[in-house]
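Next come the chains, spelled out residue by residue.
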Amino acid sequence: MQVAIKWINDQGGIKVGDTVYKLDLKYYDDESKKETVQSLVERLATVDKVKFVLAPYSSGLTLAAAPIAEKYGVLMNSHGGASDYIFEQGYYYVVQTLSPASKYQTGFLDMVHKLDPNAKRLALVYEDKEFSRAVHQAAKKYAEELGFEIVYEKTYPAGTSDLSPILNELKATNPDVIIGGGHFADGQLLASQLAELKIDVKAISILVAPALPAFYEALGTNAEGICAPAQWEVGVKYSPDVAKELGFEWYGPTQDEFMKLFKEIAGEDKTPSYHAAEAAAVLSYAKAIEKAQSLDPAKVREAMNDLGFMCVYGMWKIDPETGKQAGHEMVIIQWQGGEKKIVWPTAAANSDPCYPIPSWDEKSAGKICGT
Amino acid sequence: MRRYKPLLPVFAIYVILLIIGATTPGLWQPIMFIMFYIGIGVALNNFLGLTGYVDFGYVAFLAMGAYGMAVALNYFTELGFGAVALGFFLALLFSALLCIAVGGVALRLRGAYFAIATIGVNEGLRYLIEGARIWGGSEGIVLSGKLRKAFGPDFANYLSTFVADVCLIIVIFVASVITIYLINSRVGYALLALREDEDAAKVVGINVTKYKLIAFFTSAAIGSLIGASAWTLKLTYVFPEDVFFIHYTVEAIVIVMLGGAGTLLGPVISGLIYGALKYYLSVILPGFQLLAFAPLLIIIVVAFPDGIVGYVRKKLRGKSLFEYIR
Amino acid sequence: MVLLRLEGVTKRFGGLVAVDHVDLEVNEGEAVGIVGPNGSGKTTLYNIISGVYLPDEGKVFFEGNDITKLPPHERTPLGLARTFQIPRPFGAASVKENVAIGAMFGRAKANVDEAMKMADEYLELVGMYELVNKEAKLLTPLEKKLMELARALAMKPKLLLLDELMAGMNPNDINRIIELVKKIKVKENIAVVSMVEHLMHAITQFAERVVVMHQGKKLIEGPTMEVLNDPKVIEVYLGKKMVIEGYEG
Amino acid sequence: MAFFEQLASNLIYGMLLGGVYGLATMGLSLIFGVLRVVNVGHGAFIMLGAFTAFWMFTLYSIPPIASIVMALVIGLALGYLIFMSVMRRLLDAPELSTLLAMFGIGIFIEELAKFFWGPDYVGYSWNIGGISFPITEIPFTKICAFISSIIIAALLYIWFQRTKLGKAIRAVVEDREGAMVCGVDVNRIYALSFALGIGLTVLSGVLVTLFTPVGINVYMGGDYTLKAFVIAVLGGLGSPWGAFYAGFIFGLLENGSYTLLGLIPGVEPFGLTRFVSFAGLLVILLVKPTGLLGGE
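Residues numbered from 1 in each chain as written. Chains lettered and ligands numbered in written order. Predicted model: local features only at pLDDT ≥ 70, side-chain atom pairs only at ≥ 80, totals over all residues. Heavy atoms only, no water.

**Digging into the sheet that holds strand 8 (residues 177-181) of chain A**
Residues and elements named next belong to chain A.
Alright, step 1. Within the open sheet, the seven strands sit side by side as 7-6-8-9-10-14-15. Their pairing is mixed. Each edge of the open sheet is held by one strand with a lone partner, namely strand 7 (149-156) and strand 15 (339-344). Across this sheet, the average inter-strand angle for adjacent strands is 25°, counted without regard to direction.
Alright, step 2. Inspection of the sheet shows strand 9 (residues 203-207) paired to strand 10 (residues 226-230) by two bridges, in the parallel sense. Bridge pairing in strand 10 places isoleucine 204 opposite isoleucine 226.
Alright, step 3. Packing against the sheet, helix 4 (residues 106-115) makes contact with strand 6 (121-127), strand 8, strand 9, strand 10, strand 14 (331-336) and strand 15, and its axis sits at approximately 75° to strand 15. (Pairing = 2+ DSSP bridges. Helix = DSSP H or I, 4+ residues; strand = E, 2+ residues; numbered from the N terminus. Axes fitted to C-alpha atoms, helices over the stretch in contact; angles between N-to-C directions. Contact = heavy atoms within 4.5 Å.)

**A few points about the nonpolar core**
Alright, step 1. Grouped together as the largest cluster of nonpolar side chains are 400 residues, with contacts concentrated most on B:Phe36, B:Ile226 and C:Leu149.
Alright, step 2. Top element by residues in this core is helix 2 (residues 28-51) of chain B. It accounts for 16 residues.
Alright, step 3. Residues from two domains meet in this core; each of domain 1 (2-101 + 235-316) and domain 2 (103-233 + 331-364) of chain A gives at least three.
Alright, step 4. Residues C:Val9, C:Ile48, C:Val211 and C:Met213 belong to the second largest nonpolar core, which totals 25 residues. (Core = buried A, V, L, I, M, F, W, Y, C linked by side-chain atoms within 4.5 Å. Buried < 20%, exposed > 50% of the residue type's maximum accessible area, 1.4 Å probe, protein only. Domains from an automatic or database assignment.)

**Brief notes about the packing of aromatic side chains**
Alright, step 1. On inspection of all chains with the given rule, the structure shows 57 aromatic pairs over all chains.
Alright, step 2. Aromatic pair A:Trp232 and A:Phe258: ring centres 5.8 Å apart, planes at 75°, arrangement edge-to-face. Of this pair, A:Trp232 sits in the loop between strand 10 and helix 9 (240-246) while A:Phe258 sits in helix 10 (residues 255-266), and the two are 26 residues apart along the sequence. Considered together, A:Trp232 and A:Phe258 belong to a single accessibility category, that of buried residues.
Alright, step 3. One aromatic cluster in this structure is built from B:Phe33, B:Phe36, B:Tyr37, B:Trp231, B:Phe245, B:Tyr248 and B:Tyr274.
Alright, step 4. The positively charged end of A:Lys287 is found above the aromatic ring belonging to A:Tyr251, 4.7 Å away from the centroid.
Alright, step 5. The ring of C:Phe84 is capped by C:Arg88, whose NZ or CZ atom sits 5.3 Å from the centre of that ring. (Phe/Tyr/Trp six-rings, centres within 6.5 Å; stacked < 30°, edge-to-face > 60°. Lys NZ or Arg CZ within 6 Å of the ring centre and 35° of its normal.)

**Quick look at the pattern of salt bridges**
Alright, step 1. Scanning the entire structure with this criterion turns up 51 salt bridges over all chains.
Alright, step 2. Here A:Lys154 ties to A:Glu169 by a salt bridge, and the two come within 3.3 Å at their closest N and O atoms. In this pair, A:Lys154 is assigned in strand 7 and A:Glu169 in helix 6 (residues 164-172), connecting sequence segments 15 residues apart. Each of the two residues, A:Lys154 as well as A:Glu169, counts as buried.
Alright, step 3. For the salt bridge of A:Glu249 with A:Lys287, the shortest nitrogen-to-oxygen distance reads 2.6 Å. In this pair, A:Glu249 is assigned in strand 11 (residues 249-250) and A:Lys287 in helix 11 (residues 275-292), connecting sequence segments 38 residues apart.
Alright, step 4. We classify A:Glu249 as partly exposed; its relative accessible area is 41%.
Alright, step 5. Connected through shared salt-bridge partners, B:Arg110, B:Asp197, B:Glu198, B:Asp199, B:Lys212 and C:Arg88 make up one network. (Salt bridge = Lys/Arg side-chain N within 4 Å of Asp/Glu carboxyl O.)

**Concerning the interface of chain B and chain A**
Alright, step 1. The partner chain A presents 35 residues to the 44 residues of chain B that form the contact.
Alright, step 2. Both faces considered, chain B and chain A share a buried interface measuring about 3400 Å² in area, 53% of it formed by carbon and sulfur atoms.
Alright, step 3. If you look at where chain B meets chain A, you find two salt bridges.
Alright, step 4. For the interface between chain B and chain A, the tally reads 14 residue pairs in polar contact (both at pLDDT 80 or more).
Alright, step 5. Of the residues in the side of chain B that touches chain A, the class split is 21 nonpolar, 13 polar and ten charged. (Buried area = accessible area lost by both parts, 1.4 Å probe. Polar contact = N/O pair within 3.5 Å; in protein donor to acceptor, adjacent residues only side chain to side chain. Nonpolar A, V, L, I, M, F, W, Y, C, P; charged D, E, K, R; others polar.)

Printed below as a string of structure tokens:
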């Protein structure tokens, strides 16, 4: 988010009437605790006189902060809480930048459906937590609409160190495609045990874990071909030209500028991930403030209703009534030859999908995607 | 009345905190944050402090309270304030049921066995709710939308940013009165005896099971009311992984021990210190608050094994201030 | 009238028989001494009477009622009180609170205020008045014993069981305690059972009747002087120095 | 006969996992047995072992099985340091104080680890093949973890039975005063047992990663702490051998009950296995308050 702030300030700040405002950032650590987040949001709203908040990184915390934000008339932009139901609670002052949970696995299903209409047997194994459940319930419904046959569906509790009971069962159902996962640790475990138990399928998509470089470091060639949904990825093809082609306004730094600024701020060795979403959230504030010509959160919120622009993160457009993100599309990444490639949607892709993926035996013999 | 003198400093702390919170912009939530920690300290102290039994599964009672309130608000939303009242009733009921279950098994055990059995209760209950998909399973109960639809957004916000806080404050005031009543009554002396030597206490004529259960039920009831008000009513959602999080139990134990187990003032002072420290560390040292907190805790444990108030009481023995500090 | 009656009481631990078919009667207001070497089953007998252990065989009657199965806390209010060989104070409580707890939950069933007053009285009686506010765990071993005596007396028992109360005391203290117990015994009509390992002098001063225990069995029973001069008793203590005067640690 | 095949493979995996659980609990049980200290920071030490294996493998390509020695040495040193700096001062303090101190130490270690190693989830892949059965596949790494845990437990058993120090430790567990009377330097035994307990725990962290080589994170220990508590009680607190056997029971119960619970409609059987193992603990404590394998 510092990137977007720096970019806006470098561009001369936000002009409201004759006054030019520069953005400033205050941040506190909520320790992911629901009690702390309320106090901190209140502090932001009163002590720091903040009017625009980037919401905490989890659905529960966003929910905890929402009444406080509404009480102080602070606008909250959720770049972390991806669950749909937050936006079904009727909080007008909460808007979303991320694509909601219901969209996480649908792109992957679209992709498989298009690549191989005969791959029908779908298995779901996911963590029994509110978020992954929401993702996979929506995915299941969508898969059925696409004509997939659900051959297996089981959850596992958080903090598991052995998934063999469900994976043995899953293997017996002989699926073509597996979707599942939940968070970092269990996503790595799922992939690692699919490999150990030699459960060969044509395509796998796991939530969250594979989107990080640590996933490949941990699993080595076993990670080859595994897909994951991502809100954004380095190398997406969003650019002012694409925006023009599609008839949208471009706002904010281009990807090259973004990467350059990011390295300046965060250091050379870091790669941005969720930072693009944060940047988009900041940009949406700036854009809406400019449009509303006011710093009043109510007016800014109003202005957001018919705001639609493309930035490094992709499209940004909310559903006016709920504040849910409607414009942004998620990408599907796949590990190919040790690199994270964007394979879906075609408009943003920088590589072709590897399908069907090599078997575990082939992979341990050194076969990688793209060879 | 003389025996109720120790309430003076306690109430003074509460009132000063509330005045600060009400008059200083931006400090109301932090004060409620501190009150929450004082609350769980005072609540757990009625059991851990008075009996010396370590209940690692204590947070399950807060969870029962949270679920009691959530069930009432979710299924009986149309009752309005009645649903809130029903929620408190269900909170007490659920926690009492859990008390009976735990009391039957675990209270027969001592020391580390008891402590670990209660972990079993907490984790077992959580996985039962998730695995058997009770009350929404891992998806929990989310109330915000329902409340906003039923009461309108303003009233719903009023519920969670004001009524919930007032309920918590009332619970804490009452809890402190209960604590001092217990300490001063036969119950308190029975608990004092059984904490020090359970077998000798039996021989002196104390029905240890009865008094342990009294402390257990009291502490659980207060805990459930805190869960109902500070969690469900205030946050408007309940997720099992969140409300059965063992971290809260450990925090409550830390507060009781730091302040001085079995004292009235102890959990209040340490809850205040703990909450304030946590809040300011997250402001001053975001990301490193625990790194700063841990060595502090170790030093205090080594240097003041009786807790802050225990230490002060020792120093004050025989002085006139002594009877104000308990 | 018979206050306490044991009928064929037996207690085993693993393969060991700690108490072997013991019969015993204690009358109201009577002073009885139980003498026996270490391991003769005296303490086990006390634990059976006070309800800490359930006997494997036999029955315990108090005032004619069968109390064999009653838990300790239900026996105490009937009028039982005891001290421990190694004192067991409620360490973090003050001396006064320790004694008051006895008054609250013993036969006295006093309320908190009454109990505090009684605690003062009994502590003055045993000569510990200046120590009332001290933490019990900071007392000397002797003071702890006296405090336990005060705690037991404050329970207003009908039967007081003393377990090696006088072991480790100097002769002056012993005489003082014996006089004290005698006085209270008469005043409140308490039956006192005193258990000692060796301290024969104290027993002769105090007990009207003596029971000698040996290897879990009752060896002999009768008027004090008669029993102490019995050849069987001397045989049990053969090789051990009989301490008639002074004290034995 | 899919049902029995599932059950069989779950029991095999349960046994392999149980071996790791067992070893990962022995340190906890030893420390409790000797010092009466409940090590609530247990998981932090397992995490240290896991990271030892991870770093040795990633930086120097040392196979995890060889990191066992390294982890033991680190654990022994760390345990001794903690004993001398903190625990020694708390020997006469109530059980609760030591519990709090261990809690603080656990957090401190986790936060330091986060400071140096970051909050990421890491892992390694040490691919040495596996055995194929008709019912399931078992990688050699898991078998390795299982066998190492049995060998270490056996070596420890011999050490406890044969050496003077081992006997002294056993004496202190059984009868502290008695041991003191017999001329055992109890403080030395305390220091040694604490160091050994922590050493074993850090070591078991290596085996944990051998079984589950991914998802290594500074906060990974929490789940192992909870399970270790339960296993320790099942085995009779304070008895390392009891803990080792109880580890097997727990592993078998956790994985084996899955197949049976799967027969209940409308529930999440995997979540319920956790309920079964914790509820099982309560039932056992109800019947035998000193634990399944504990003495009087």
